[in-house]
Every structure is written in C-alpha cells, then in structure tokens.
Amino acid sequence: MKALILVGGFGTRLRPLTLSFPKPLVDFANKPMILHQIEALKAIGVDEVILTINYEPEQLLVMSNFSREVETNLGIKITCSQETEPLGTAGPLALAREKLVDGSDQPFFVLNSDVISEYPLEEFIAFHNAHGGEASIMVTKVDEPSKYGVVVMEEATGKVERFVEKPKLYVGNKINAGIYLLNPSVLDQIELRPTSIEKEIFPQIAEAEKLYAMVLPGFWMDIGQPRDYIIGLRLYLDSLRKKSPSKLANGPHIVGNVLVDETAEIGEGCLIGPDCVIESGVRLSRCTVMRGAHVKRYSCVSSSIIGWHSTVGQWARVENMSILGKNVHLYDEIYCNGGVVLHNKEIKSDIMKPDIVM
C-alpha cells in the first residue's frame with residue numbers, strides 16, 4: 001500500500017521556525033512533525049511514502065536527506081516528487097501518478113503534512129472498503145464551523161452531499177481533516193495543473209455520489225501556525241497520557257503532561273509543563289523548547305516556542321505566543337510579550353506588545 005504526503009507549502013504561518021527547516025521537519029513533541037505520520041502509515045502496512053515537495057532546490061536536498069534517514073531507521077521506502085511550479089493540493093497527485101499507480105488497484109492515502117491526530121488508519125481502510133465509493137475523507141467536529149468549509153453529509157452512511165464554505169447559517173459542524181483514502185481512478189479526474197482537491201475534485205466526486213466521510217475519533221489539529229501548534233501539543237500530550245503514559249516524564253518537578261528528550265539537562269527546583277530543557281528555578285508551561293536551547297535560572301516561559309540554540313536569560317519572561325527563531329539571545333530580565341523574533345538576533349530591551357523583530 002502507498003501513501004502521498006503533501007509537503008509543498010512554504011510554511012509562512014510558522015515563521016521564523018520554517019526559515020531553518022521545511023515545515024514538515026520542524027520538531028513537534030521531540031520529532032519532525034511529518035515523522036508522526038510516516039510512523040503511523042508504517043504501522044498499518046504502508047510500504048512506500050511519496051513526499052510532494054515544492055520547486056525550491058534547497059527543499060529537495062533537505063527532504064532527500066531526511067528520506068534516506070527514515071528509510072534506514074524505519075525500513076519503509078520514501079520517494080520525493082518535486083513540482084516545477086506550485087500545483088495546489090491536487091496537481092501534485094497528477095505529477096506523482098506513475099509513482100502511485102502500480103496496476104494493483106489498491107487505494108492510497110493522501111495526507112496534509114501539518115495535521116496531527118491519533119491516525120486511526122486501519123478503521124479508515126475498513127470504512128473505505130465497506131462503502132464501495134471512489135474516495136473517502138476524514139472529517140472532524142469543530143465548535144465554530146462558520147470559520148471553515150463545512151462538509152455536509154448523511155449521518156447514517158457518511159455519503160458527502162456538498163461542501164459549504166464558511167456558512168453564515170448552520171449547516172453542520174464537520175470539516176475536512178486533511179486525511180484521504182482514494183482509489184486510483186480518482187487520478188483520472190486530475191489534470192497536471194494547479195488544482196485544489198478540496199474545491200474542485202472532491203465536489204465533483206460528491207456530485208457523482210462516490211465520496212464518503214468518516215468522523216475522526218480522538219483529537220485533531222492543523223499545527224501549521226503557532227497558536228494551533230501549542231494547542232496541538234497539549235492535545236497530543238493528553239492523548240499520550242491516556243494511551244501511552246509511560247512515555248511521559250514524571251517526578252517532583254513535573255506538573256501535568258510533559259515530554260522530555262533523553263538528552264535534556266534539567267536543573268533543580270524547576271517546574272516543568274510541558275516539553276522543556278532548563279536551568280534551576282525555571283517555570284515552563286504550554287511551550288516547546290527546541291534542541292540546543294538554553295533557558296537560564298528563574299526565567300518563565302509560557303504559551304511560546306523557543307527555537308534551536310536560543311537563550312532565555314535569567315529572570316526573563318516570555319509569554320503570549322512569543323516565538324524565538326534560531327540562535328536568538330534574550331538578555332537577562334527581559335520581558336517578551338508576543339514577540340516574533342527572527343534568527344540570529346540579540347534582544348536587549350523589552351518587547352511590551354506583540355511585534356515582529358526583523
């Protein structure tokens with residue numbers, strides 16, 4: 001069985017972190033976010049994953065190196081399909097047609113690279129095989145459907161009736177979760193040009209009454225922007241607590257669900273929650289601290305992301321969705337309130353309100 005992961009975006013919403021790495025390789029819960037998907041695919045028997053990447057030569061090099069490493073570690077074939085121009089969310093499938101179609105008529109997975117969930121892929125396969133349609137999509141329930149494109153479907157069968165973009169009146173509360181299972185015949189409907197699978201291809205299949213939707217159990221989050229990244233991390237750690245609590249850290253300095261890498265050095269008298277590398281007396285909550293970062297004594301970081309090899313000085317405070325890029329140095333006693341700081345900067349004065357430091 002094969003899978004295709006759409007990784008061609010530029011990650012602009014997650015800058016400055018994506019100035020150092022393609023978005024799929026930004027760490028999420030101590031591993032590249034795309035690795036969560038590849039491991040889930042491998043676990044249910046997928047033996048080849050195709051990564052559709054954009055036209056930038058740098059991304060091809062970085063993703064190729066990552067692919068070789070994953071192939072060695074997981075024993076799964078990883079291939080890259082590179083665009084020569086932006087092709088949207090459907091065009092890359094046409095570009096990768098020869099890699100996807102092997103004559104077996106097996107359906108294949110398609111995933112957006114910035115979606116995190118519990119990946120109930122075996123249940124998804126059973127659902128797809130049972131309904132006999134041409135394509136299946138996962139949907140998830142949201143509290144405010146007016147912000148999204150809503151999938152209107154038959155509750156009993158899952159058959160998709162239509163899509164309504166940002167409805168002003170309530171038509172449903174289920175949205176596209178970015179995980180699909182498609183028969184090879186779907187490729188016959190996609191031309192090699194910039195095309196949207198959500199706005200052009202799926203409505204056609206729904207009109208032919210061959211598109212079905214399965215409600216995603218468990219948590220879901222698109223982690224492509226900082227606030228959702230932090231929310232997704234909390235949901236992921238909550239899920240670990242229920243399903244694999246032994247993977248979470250514990251001890252007198254741990255409050256709540258925390259994931260600590262084995263290479264982390266943690267000082268005495270710290271209060272951690274979650275995912276931190278710190279000196280003595282630090283308080284961290286709802287945050288991610290990347291590899292090589294140094295959070296000094298008695299500082300406080302909450303609802304923020306500290307980038308690779310960055311430093312938070314003593315008695316500093318970082319909060320309100322602040323993002324420090326790579327190699328950023330926040331001096332002692334500095335207050336950072338919602339600051340987005342690009343790479344290789346020294347911050348010597350307070351950032352009192354949300355701002356971008358170039």
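Let us look at the structure shown here. (Residues numbered from 1 in each chain as written. Predicted model: local features only at pLDDT ≥ 70, side-chain atom pairs only at ≥ 80, totals over all residues. Heavy atoms only, no water.)

## Points about the pairing of strand β1 (residues 2–6)
Let me state the cut-off plainly: Only protein chains enter the calculation, and the probe is 1.4 Å; a residue is then buried if its accessible area is under 20% of its type maximum, exposed if over 50%, and partly exposed in between. To qualify as a helix, a DSSP run of H or I must reach at least 4 residues; to qualify as a strand, a run of E must reach at least 2; elements of each kind are numbered from the N terminus. Strands are labelled as partners when DSSP assigns at least two bridges between them.
Among the five residues of β1, five are classified as buried, and the element is accordingly described as predominantly covered. Here β1 pairs with strand β4 (residues 48–53) via five bridges, running parallel. Bridge assignment links Ile5 to a residue of β4, and that residue is Leu51.

## Focus: the environment of Ile334
Using the following cut-off: Note on definitions: a residue-residue contact is assigned when non-hydrogen atoms from the two residues lie within 4.5 Å.
Topologically, Ile334 is positioned in the loop between β23 (329–330) and β24 (335–337). Along the sequence, Ile334 and Ser185 sit 149 residues apart, while their C-alpha atoms lie 58 Å from each other. Among all residues touching Ile334, those that are not within four sequence positions of it are Ala316, Arg317, Ile347, Lys348, Ser349 and Asp350.

## Re the packing of aromatic side chains
Applied cut-off: Two rings from Phe, Tyr or Trp (for Trp, the six-membered ring) form a pair when their centres are within 6.5 Å of each other. A pair whose planes differ by under 30 degrees is stacked, one over 60 is edge-to-face, and the rest are tilted.
Under the criterion given, the structure shown has five aromatic pairs. Consider the rings of Phe28 and Tyr229, whose centres lie 5.4 Å apart with planes at 85°: the pair is edge-to-face. Taken together, the positions of Phe28 in strand β2 (residues 27–28) and Tyr229 in helix α7 (residues 226–243) put the pair 201 residues apart, joining distant regions of the chain. The two residues Phe28 and Tyr229 agree in class, both being buried. Ring geometry for Phe28 and Tyr236: centres 5.7 Å apart, planes at 70°, overall edge-to-face. Within this pair, whereas Phe28 is found in strand β2, its partner Tyr236 is found in helix α7, the two being separated by 208 residues in sequence.

## Regarding the nonpolar core
Rules: Buried Ala, Val, Leu, Ile, Met, Phe, Trp, Tyr and Cys residues form a nonpolar core when they are joined through side-chain atoms within 4.5 Å.
One finds Ile5, Phe28, Leu41, Val49, Leu51, Phe109 and Tyr236 to be the most contacted residues of the largest nonpolar core, which totals 61 residues. The greatest single-element share of this core, amounting to seven residues, is contributed by α7. Look past the residues within four positions of Val49 in its chain and what remains in contact with it is Ala3, Ile5, Leu41, Ile76, Lys77, Ile78 and Thr79. Among the nonpolar cores identified, the runner-up in size contains 28 residues, and Leu93, Val110, Val151 and Leu182 belong to it.

## Considering the sheet that holds strand β16 (residues 288–289)
Read across the open sheet, the five strands follow the order β16-β19-β22-β25-β27; overall the sheet is parallel. The outermost strands of the open sheet, each flanked by one partner alone, are β16 and β27 (355–357). Taken together, the three bridges between strand β25 (residues 339–341) and β27 define a ladder with parallel strand orientation. Within β27, the residue paired with Val341 across the bridge is Val357.

## Some details on the pattern of salt bridges
Note the cut-off: Here a salt bridge means any side-chain nitrogen of Lys or Arg lying within 4 Å of a carboxyl oxygen belonging to Asp or Glu.
Per the counting criterion, the structure on display carries 13 salt bridges. Two residues, Glu48 and Lys77, come together in a salt bridge whose shortest N-O distance is 4.0 Å. Of this pair, Glu48 sits in strand β4 while Lys77 sits in strand β5 (residues 77–82), placing them 29 residues apart in sequence. According to the relative accessible area criterion, Glu48 is buried, its value standing at 9%. Taking relative accessible area as the criterion, Lys77 reaches 45% and is therefore assigned partly exposed.

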